[in-house]
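Spelled out, the chains give:
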Amino acid sequence: MDLNSASTVVLQVLTQATSQDTALLKPAEEQLKQWETQPGFYSVLLNIFTNHDLDVNVRWLAVLYFKNGIDRYWRRVAPHALSEEEKSTLRAGLITNFNEPINQIATQIAVLIAKVARLDCPRQWPELIPILIESVKVQDDLRQHRALLTFYHVTKTLASKRLAADRKLFSDLASGIYNFACSLWNHHTDTFLHHVSSGNEAAALNSLERTLLSLKVLRKLTVNGFVEPHRNMEVMGFLHGIFDRLKQFLECSRNVDTDTVFRDKLEKTIILFTKVLLDFLDQHPFSFTPLIQRSLEFSVSYVFTEVGEGVTFERFIVQCMNLIKMIVKNYAYKPSKNFEDSSPETLEAHKIKMAFFTYPTLTEICRRLVSHYFLLTEEELTMWEEDPEGFTVEETGGDSWKYSLRPCTEVLFIDIFHEYNQTLTPVLLEMMQRLQGPTNVEDMNALLIKDAVYNAVGLAAFELFDSVDFDQWFKNQLLPELQVTHNRYKPLRRRVIWLIGQWVSVKFKSDLRPMLYEAICNLLQDQDLVVRIETATTLKLTVDDFEFRTDQFLPYLETMFTLLFQLLQQVTECDTKMHVLHVLSCVIERVNMQIRPYVGCLVQYLPLLWKQSEEHNMLRCAILTTLIHLVQGLGADSKNLYPFLLPVIQLSTDVSQPPHVYLLEDGLELWLVTLENSPCITPELLRIFQNMPPLLEQSSENLRTCFKIINGYIFLSSTEFLQTYAAGLCQSFCELLSDITTEGQVQVLKRYPVVMSTYLGVMGRVLLQNTSFFSSLLTVMAHKCNQEMDQLLGNMIEMWVDRMDNITQPERRKLSALALLSLLPSDNSVIQDKFCGIINIAVEGLHDVMTEDPETGTHKDCMLMSHLEEPKATEDEEPPTEQDKRKKMLALKDPVHSVSLQQFTYEKLKAQQELLGEQGFQSLMETVDTEIVTQLQEFLQGF
């Protein structure tokens, strides 16, 4: 591609590609795609995006195409890889100047330079780092900033490489430039502080941007550039200096207006300081040991004393708390139970921790966490009033403890209380004692303090197990507080029911549960939505507990289910609906069939909720889970749900529909339980199986469930199902077997006995129950293997006898004996030749199944089933499904359970004797070992 002539053409096409007119856009994109592999194309793009006179959108697009080209064509081994000559030209062109005026384009150029550096630096691009170092020294503000931006992205990218050789290269780089990086950072930091002190905010902001970028570089070098950073004086000097710098920056924030660009950038820099410490602690815990004392002193003073007033902000407090938490929990700092087994480094770190966390310090931290950070804020109380569902979602926190203040404080409290529970338990118990009895509803501060203390008691439930008589506290203090209906008391009603939920699985007397259920019924009718949602959560924890008893719960079931359903209808947020659905599912799962009288309202509502949740796949997953438990609870009555249920299964398991990505696993489970509980096949249920072939093609982790669904159809209606789908299923199974990888074949061979047992079981079924098909199968296989049919039959019987030890299940061993005996009587010389082996298998089978009847003293086949017994399920067991009943009926017809092996053996031997005559039969019996013959005669006594 000639640069001069091509530039105009490429520029024109790029211009069209930025158009909103699809008639211009689509052809332009196609043309650019064709040029991607043309030599010289990226040189043209470089000329375009470095030309500041061109349209910004065109230049932006040129940068993006260049960046994508690096990912696809820069590596030497890539198809259509760029030539070494062009790459050399491009590398030189990328770093000739750092004067891009547009921030977004400058960032993209820095990123693409870093991408090239990842592949080429330092071997093919040794000049990159020296040029960057020189460029960040220039006086021109724009060039300096762009070079520093590029320096950061290059450092970040090189630090992310994980191969040993790459890490060694980055370590060498870090050692070589660390001193310069520190000097650069200190220079920009001092310049920034000077501008702040002189009141020049514009110049300060300019310097702050460079301070931030140079600190980002130092973070990567410090954390990733040294194997033993504690041995490097420059590294440790920088880290120790962070605390003083942090104090300077925090003081700068004291008089800065909120909601300004300057404050935002200042807070980002302060947070970056803490990230350096957190990352270094995470990657180099023992190198961090000299910093433990200073880190704890700094964090605790700013978070738990007056030092931080007026200068701290939420994200900084969170970071300091995370730093304390990581030091407290760090396994590298925890000695073994036997101190002598601990390393000197561990003991040193532990000693520093113990010296810091004295009784006064721990007590102050605990009291401050509870009485200050646990208090509900004005903003939270306002949110409670204005957006109760939003408040509930915020309170649950999820994985946000690292970033949000309330979850972070709670996690820190739990970790410190666990680590120092002997010291802190009396402190918390004393706080509890002060709050006995009711609280004045007019004293909002007292209500919030009690809420905070109860929060702490709930979080520390496991640690307080031996110190709190929770049953007495529940009856004497907590239950009366739940009965206070004043609106101002709602934070405590909500906190108390939450607190009970935390203790239910820790220490809660079973006899008290009816009192709790009564309280839950009352609270589910509370005027406040937050209280009702919290009550639903505690209900879930209660019914989930292993001490849950259905008989205690049933008197309250109708009321609770009705109130939960009303709550489900009232809430509007997707997350809250999911939560209430999970509670309903849990209740349905626990009471199983006894839910039937109460589910009518839910059954009518779920189709509407499904329709409303079309854009919310996670809510639909919750609906699927509810339906699974609903079907299990309804049993055969679930057939009434089919007009709604079957289309839901159809959509969820259709791989051509986008939602299947989210719904497939739950959809398959719903499909399976629907089959297991179906009283009979319906045309619609049969039609859904059209979704199965693509699922089998995927060979995914859901294959086992798919096979269970296929079994479910066969148990439900084998004739109709197999008439429709047998041919396609066989084809799918053959393709699955041929798709097994080498690794899969190795795994199969490792399970050879199990696989062989399965194969022989299949052959046994065919031979015993479909003789004509077995004969035709032998004919086909003999032709395929180029063998005589009798020769193939002989080989098969011999292999069967040899591999009998692979079969461990008694049912399959009896099946093999019945199957091989079914070949008798026969005058076929091959079968007679294998007669000894067949009798051996028969006698082995008789040993497996014959047991002595203590009443008659005779032997009988223990696998015979004479009638259908309905086992009585205990409270802990689920009642039998319709499929369980079908399996039992099928078992009654199974030769393994309906044919006496003793009688079958006698009849087959008698028929063989009649076929050959006494002398011929005797000659055949002489081929059998005399000991086996003796055992056979003992088993056949009485016939």
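Details of the structure are given in the entry above.
Please read all numbers here as calculations on a predicted model, not as lab measurements. (Residues numbered from 1 in each chain as written. Predicted model: local features only at pLDDT ≥ 70, side-chain atom pairs only at ≥ 80, totals over all residues. Heavy atoms only, no water.)

### A closer look at the overall build of the chain
Then comes step 1: Scanning the chain for helices and strands turns up 45 helices and two strands.
Then comes step 2: Against the 2.2 N^0.38 benchmark of 30 Å for 943 residues, the chain shows a C-alpha radius of gyration of 38 Å, more extended than a compact globule.
Then comes step 3: Each of the three principal axes of the chain carries a C-alpha extent, and together these read 120 × 85 × 70 Å.
Then comes step 4: Taking all 943 residues of the chain together, 50% fall into the buried category.
Then comes step 5: Across the chain, every contact between residues at least 6 apart in sequence was considered, and the portion connecting residues at least 24 apart equals 73%.
Then comes step 6: A total accessible area of about 45400 Å² is found for the chain, and carbon and sulfur atoms account for 51% of it.
Then comes step 7: Computed over 85 positive and 121 negative side-chain charges, the separation of the two mean positions in the chain equals 5 Å. (Helix = DSSP H or I, 4+ residues; strand = E, 2+ residues; numbered from the N terminus. Rg over C-alpha atoms; globule rule 2.2 N^0.38 Å. Buried < 20%, exposed > 50% of the residue type's maximum accessible area, 1.4 Å probe, protein only. Contact = heavy atoms within 4.5 Å. Areas by Shrake-Rupley, 256 points an atom, 1.4 Å probe, with all protein chains shown as cover. Lys, Arg positive; Asp, Glu negative; His and termini not counted. Charge placed at Lys NZ, Arg CZ, Asp CG, Glu CD.)

### Some words on a positive patch on the surface
Then comes step 1: Taken together, the side chains of Arg75, Arg118, Arg162 and Arg167 define a basic patch exposed on the protein surface.
Then comes step 2: Within the element layout of this structure, Arg162 appears in the loop between helix H8 (141–159) and helix H9 (164–197). (Patch = residues over 30% accessible without salt bridge, like charges linked within 9 Å, V, L, I, M, F, W, Y side chains within 5 Å. Salt bridge = Lys/Arg side-chain N within 4 Å of Asp/Glu carboxyl O.)

### Brief notes about the packing of aromatic side chains
Then comes step 1: On inspection of all chains with the given rule, the structure shows 40 aromatic pairs.
Then comes step 2: Grouped by ring-pair contacts, the aromatic residues Trp35, Phe41, Tyr42, Phe49, Phe66 and Tyr73 constitute a single cluster.
Then comes step 3: Over the ring of Trp185 we find Arg245; its NZ or CZ atom is 5.5 Å from the centre of that ring.
Then comes step 4: In this arrangement the basic side chain of Lys334 is found over the ring face of Tyr331, its NZ or CZ atom lying 5.2 Å from the centre. (Phe/Tyr/Trp six-rings, centres within 6.5 Å; stacked < 30°, edge-to-face > 60°. Lys NZ or Arg CZ within 6 Å of the ring centre and 35° of its normal.)

### A word on helix H19 (residues 405–419)
Along an α-helix, residues three or four apart share an orientation, since each turn contains 3.6 residues.
Then comes step 1: For H19, which comprises 15 residues, the first-to-last C-alpha distance of 21 Å matches the rise-based estimate of 21 Å (1.5 Å per residue) to within 8%.
Then comes step 2: Within H19, the full set of buried residues consists of Leu405, Arg406, Pro407, Cys408, Thr409, Glu410, Leu412, Phe413, Asp415, Ile416 and Phe417. (Expected span 1.5 Å × (residues − 1).)

### Details of helix H38 (residues 789–802)
Then comes step 1: Taking 1.5 Å of rise per residue, the 14 residues of H38 would be expected to cover 20 Å, and the 20 Å separating its terminal C-alpha atoms lies within 8% of that figure.
Then comes step 2: Within H38, burial applies to Leu792, Leu793, Gly794, Met796, Ile797 and Trp800.
Then comes step 3: Tucked into the core, H38 has its buried residues touching helix H36 (752–769), helix H37 (771–784), helix H39 (810–821), helix H40 (829–833) and helix H41 (835–849).

### Some points on the layout of surface pockets
It is the rolling of a water-molecule-sized probe over the atoms that shows where space remains empty.
Then comes step 1: Roughly 3000 Å³ of volume is contained in the largest pocket.
Then comes step 2: Residue lining of the largest pocket: 50 residues in total, with Phe707, Asn711, Phe733, Thr758 and Val762 positioned closest to the centre. (1 Å grid on protein atoms, 1.4 Å probe; cavity = no way out; pocket = protein on both sides within 12 Å on 5 of 7 lines; lining within 4 Å. Points joined across faces, edges and corners; volume = space filled by probe spheres on them.)

### Structural notes on the nonpolar core
Then comes step 1: Of all hydrophobic cores here, the largest spans 264 residues; its most connected members are Phe413, Trp671 and Tyr713.
Then comes step 2: Ranked by the residues each element gives to this core, the list is headed by H9, at twelve residues. (Core = buried A, V, L, I, M, F, W, Y, C linked by side-chain atoms within 4.5 Å.)

### Quick notes on the environment of Ser656
Then comes step 1: Relative to the helices and strands, Ser656 is located in the loop between helix H30 (642–652) and helix H31 (660–677).
Then comes step 2: When its relative accessible area of 56% is taken as the criterion, Ser656 is described as exposed.
Then comes step 3: Linking Ser656 and Pro694, residues 38 residues apart in sequence, is a C-alpha distance of 9.0 Å.
Then comes step 4: Within the structure, the side chain of Ser656 is placed 2.7 Å from the side chain of Asp654, a separation counted as a polar contact. (Polar contact = N/O pair within 3.5 Å; in protein donor to acceptor, adjacent residues only side chain to side chain.)

### Some details on the packing of H36 against H39
Then comes step 1: Direction vectors running N to C along H36 and H39 enclose 40 degrees, while the axes themselves pass 9 Å from each other. The angle between H36 and H39 places the two elements in the oblique class. Note on packing geometry: the crossing formed by H36 with H39 is left-handed. Contact residues: Ser757, Thr758, Gly761, Gly764, Arg765, Leu767 and Leu768 in H36; Arg812, Leu815, Leu818, Ala819 and Leu820 in H39.
Then comes step 2: Class assignment for the residues of the contact of H36 with H39 results in six nonpolar, four polar and two charged. (Axes fitted to C-alpha atoms, helices over the stretch in contact; angles between N-to-C directions. Parallel < 35°, antiparallel > 145°, perpendicular 65-115°, else oblique. Left-handed = near helix turned anticlockwise from the far one by under 90°. Nonpolar A, V, L, I, M, F, W, Y, C, P; charged D, E, K, R; others polar.)

### Examining the pattern of salt bridges
Then comes step 1: Throughout the structure, instances matching the rule amount to 40 salt bridges.
Then comes step 2: A salt bridge links Asp279 to Arg219; the shortest N-O distance between them is 2.7 Å. Placement of Asp279 in helix H12 (residues 261–283) and of Arg219 in helix H10 (residues 201–224) is noted, with a sequence separation of 60 residues between them.
Then comes step 3: For Asp279, a relative accessible area of 24% translates into the label partly exposed.

### Focus: a nonpolar patch on the surface
Then comes step 1: A contiguous nonpolar patch, built from Leu737, Ile740, Val748 and Tyr759 and spanning about 370 Å² of accessible area, is present on the exposed surface.
Then comes step 2: Along the polypeptide, Leu737 turns up in helix H34 (residues 703–738).
Then comes step 3: Relative accessible area serves as the criterion here: at 56%, Leu737 is assigned to the exposed category.

### Overview of the side chain of Arg620
Then comes step 1: Tracing the backbone shows Arg620 in helix H29 (residues 617–634).
Then comes step 2: Of the side chains bearing the opposite charge, Glu614 lies closest to the buried Arg620, which forms no salt bridge; the N-O distance is 5.1 Å.
Then comes step 3: Looking at Arg620, its side chain comes within polar contact range of the main-chain oxygen of Trp610, at 2.7 Å.
Then comes step 4: Apart from residues no more than four positions distant in its own chain, Arg620 is found in contact with Trp610, Lys611, Ser613, Glu614, Leu651 and Leu663.

### Observations regarding a negative patch on the surface
Then comes step 1: A surface patch of like charges, here negative, comprises Glu386, Asp387, Glu573 and Asp575.
Then comes step 2: The class of Glu386 is exposed, set by a relative accessible area of 67%.

### So, unusual backbone geometry
With glycine set apart, most residues show a phi of negative sign, and most peptide bonds adopt trans.
Then comes step 1: Residue Cys121 is joined to Pro122 through a cis peptide bond whose omega torsion reads 5 degrees.
Then comes step 2: Tracing the backbone shows Pro122 in the loop between helix H6 (103–120) and helix H7 (128–135).
Then comes step 3: The linkage connecting Leu824 with the following residue, Pro825, adopts the cis geometry, with an omega of -5 degrees.
Then comes step 4: Position of Pro825 among the secondary structure elements: in the loop between H39 and H40.
Then comes step 5: One non-glycine residue, His80, lies in the positive phi region at around 60 degrees.

### Notes on the state of the cysteines
Then comes step 1: Evaluated as defined, the whole model comprises zero disulfides.
Then comes step 2: The closest cysteine sulfur to the non-disulfide-bonded Cys574 is located on Cys621, 10 Å from its own sulfur.
Then comes step 3: Take Cys574: its relative accessible area is 18%, and that puts it in the buried class.
Then comes step 4: The thiol of Cys734 is not disulfide-bonded; the next cysteine sulfur, from Cys730, is found 6.6 Å away. (Disulfide = S-S within 2.5 Å.)

### Considerations on the environment of Glu798
Then comes step 1: When you line up the elements, Glu798 lands in helix H38.
Then comes step 2: Judged by its relative accessible area of 40%, Glu798 falls in the partly exposed class.
Then comes step 3: Expressed as a C-alpha distance, the spacing of Glu798 and Gln902, which sit 104 residues apart in the sequence, is 23 Å.

Interpretation note: all reported values are geometric properties and have no functional meaning in isolation.
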